[in-house]
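The primary structure of each chain is shown beneath.
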Amino acid sequence: MQQIRAIVGTQWGDEGKGKIVDFLAKEADVVVRAQGGNNAGHTVEAFGKVFKLHLIPSGILYKDKLNIIGNGVVIDPESLIQEIENLQKEGISTENLKISDRAHLVMPYHKILDEEQERQRGEDSLGTTKRGIGPAYTDKTERTNLRVCDMLDEEEFVQKLRNVYERKNVILTNVYHKIPMKFGELLEQFMRYGEILKPYITDTIKLLNDSIKAGKKVLLEGAQATMLDLDYGTYPYVTSSHPTVGGFCIGAGIAPKYIQEVVGVVKAYTTRVGKGPFPTELLDKMGDIIREKGREYGTTTGRPRRCGWLDLVVVRYAVLINGIDRIALTKLDTLSGIPKLKICTGYRYEGKVLELFPASLRVAMECEPVYEEFEGWSEEEIKSAKDYDSLPKNAKKYIEFIEKETGAKVWLIGTGPSREDIIVKE
Ligand code: IMP
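Bear in mind the structure is a predicted one, so any value in this text is a computation, not a measurement. (Residues numbered from 1 in each chain as written. Predicted model: local features only at pLDDT ≥ 70, side-chain atom pairs only at ≥ 80, totals over all residues. Heavy atoms only, no water.)

1. Focus: the pattern of salt bridges
Argument step 1. Counting across every chain of the model gives 32 salt bridges.
Argument step 2. Here glutamate 403 makes a salt bridge to lysine 425, at a shortest N to O gap of 2.7 Å. Here glutamate 403, found in helix α13 (residues 393-406), pairs with lysine 425, found in the segment after β20 (422-424); they are 22 residues apart in sequence, far enough to count as distant.
Argument step 3. Counted as one network, the salt bridges with shared partners bring together Asp14, Lys267, Glu296, Arg305 and Lys331. (Salt bridge = Lys/Arg side-chain N within 4 Å of Asp/Glu carboxyl O. Helix = DSSP H or I, 4+ residues; strand = E, 2+ residues; numbered from the N terminus.)

Below you can see the structure in the form of structure tokens.
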């Protein structure tokens, strides 16, 4: 592997990045999460068990990898401690986990505000995960948030919390009619979290850059995906971080010039949770078939995911923004048994065909997808295939079409849920 490799979601998240990171982590020494929070949910099947990771990088399932939660992540300490304990219960060591002292905290009021703001939006709600992610990033950019390092310094914590606490209570009580928070309780709670997390907290920027200098191989693990990026996604139906390669540099503390390879994870069809435009969405029986076959229910919230045909307008756009070199195509097996498949290659709008995703949500909602039709393949044909050559002819046609349309080579192909169900094309 190249020394520094980034893995990025190309659609609306839930592409199966956890499994790809788990597979590629084998070759890496360090795995880094750089953005988002516990809104993410990465499912990895290993040692005959299913692991659902939210904040901790998937490399934790290997004993010898260093796992870093970078400065760009927003951390809900309660959720992180729970995740650490769950892994330990399963016999997984968390000794190799390091947390950036610069990462921002998701505070209890962020979660209440997320929930209440969603309720207030009513019909126009964004469909957030209600994990407090948006309000935490809002406070970060407003320059009033508390950070991981503050949990280790009571005086600092008290002073910073004082600055925001009154204001948050006014909003909680007067706007949302909630009971006010108690300063002492919050302080006590976060000092306790700090005590528990202290062994993991460090200057991860130094740690990561020292590792790079020492020639270690680094995997940057994206959470969410390009179409949920605050700048590039379907704003405002996006998350509040930058789940694109540029965001990984900021969120890990790594210079852009070090990133040598970008792997884009593409699910063989498209899904999205939450609201917002989705041009290839299937609102008919076919959407239900894909949802059931692909077990398309949210890892974090359990919500049924919206399902649709593969949209190469979206993938092409992600290739462009992230500089994707190679594609990891996931869940190809979900499409097995469907006689006719479709792939979208463009959006027809006012007599023109758009090849990249438009800024205007109205255009994205009103455009008509242009489809190419493909013949399907059977379940048995995919199950028995152990290398690229033995994949069914029609599946190969499907894959090669993706390569032709996006200009990126398909490298890995997911053919089942288990760690072993991956075909390496080259
Ligand atoms: P938030 O990140 O909770 O603010 O939610 C904003 C939007 O991003 C919603 O549509 C969520 O469903 C979506 N979202 C956030 N995290 C993920 C993820 O890990 N996978 C898929 N969608 C996500």
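2. Quick notes on the sheet that holds strand β1 (residues 4-9)
Argument step 1. Strand order in the open sheet formed by 10 strands is β9-β7-β5-β2-β10-β1-β11-β15-β19-β20, with mixed pairing between adjacent strands. Only two strands of the sheet have a single neighbouring strand rather than two, namely β9 (201-202) and β20.
Argument step 2. Bridge analysis of strand β19 (residues 409-414) against β20 gives 3 bridges, and the strand direction is antiparallel. Bridging across to β20, glycine 414 finds its partner in isoleucine 422.
Argument step 3. Packed on one face of the sheet, helix α1 (residues 17-25) meets β1, β2 (30-33), β10 (218-221), β11 (261-267), β15 (326-330), β19 and β20 and runs near 165 degrees to β1. (Pairing = 2+ DSSP bridges. Contact = heavy atoms within 4.5 Å. Axes fitted to C-alpha atoms, helices over the stretch in contact; angles between N-to-C directions.)

3. With respect to the pairing of strand β7 (residues 97-100)
Argument step 1. In this structure, strand β5 (residues 66-69) lies alongside β7, joined through 3 bridges in parallel fashion. Bridge assignment links isoleucine 68 to a residue of β7, and that residue is lysine 98.
Argument step 2. Sheet topology note: the β7/β9 ladder contains 2 bridges and is parallel. In the strand pairing of β9, serine 100 is matched with threonine 202.

4. Focus on the domain arrangement of the protein
Argument step 1. The domain boundaries assigned to the protein delineate domain 1 (4-100 + 201-262), domain 2 (104-197) and domain 3 (265-424).
Argument step 2. In this structure, domain 1 and domain 3 have C-alpha centres spaced 23 Å apart.
Argument step 3. Each partner contributes residues to the interface: domain 1 has 43 residues there, and domain 3 has 41 residues.
Argument step 4. Of the roughly 3400 Å² buried between domain 1 and domain 3 on both sides combined, carbon and sulfur atoms contribute 60%.
Argument step 5. Taking the shortest distance from any N to any O, the salt bridge between arginine 295 and glutamate 45 comes out at 3.7 Å.
Argument step 6. Listed by contribution, the elements that provide at least two residues to the side of domain 1 that touches domain 3 are β1, α1, β3 (42-46) and β11.
Argument step 7. Among the elements that line the side of domain 1 that touches domain 3, the one with the most residues is α1, at 6 residues.
Argument step 8. In terms of residue class, the side of domain 1 that touches domain 3 is built from 19 nonpolar, 15 polar and 9 charged. (Domains from an automatic or database assignment. Buried area = accessible area lost by both parts, 1.4 Å probe. Nonpolar A, V, L, I, M, F, W, Y, C, P; charged D, E, K, R; others polar.)

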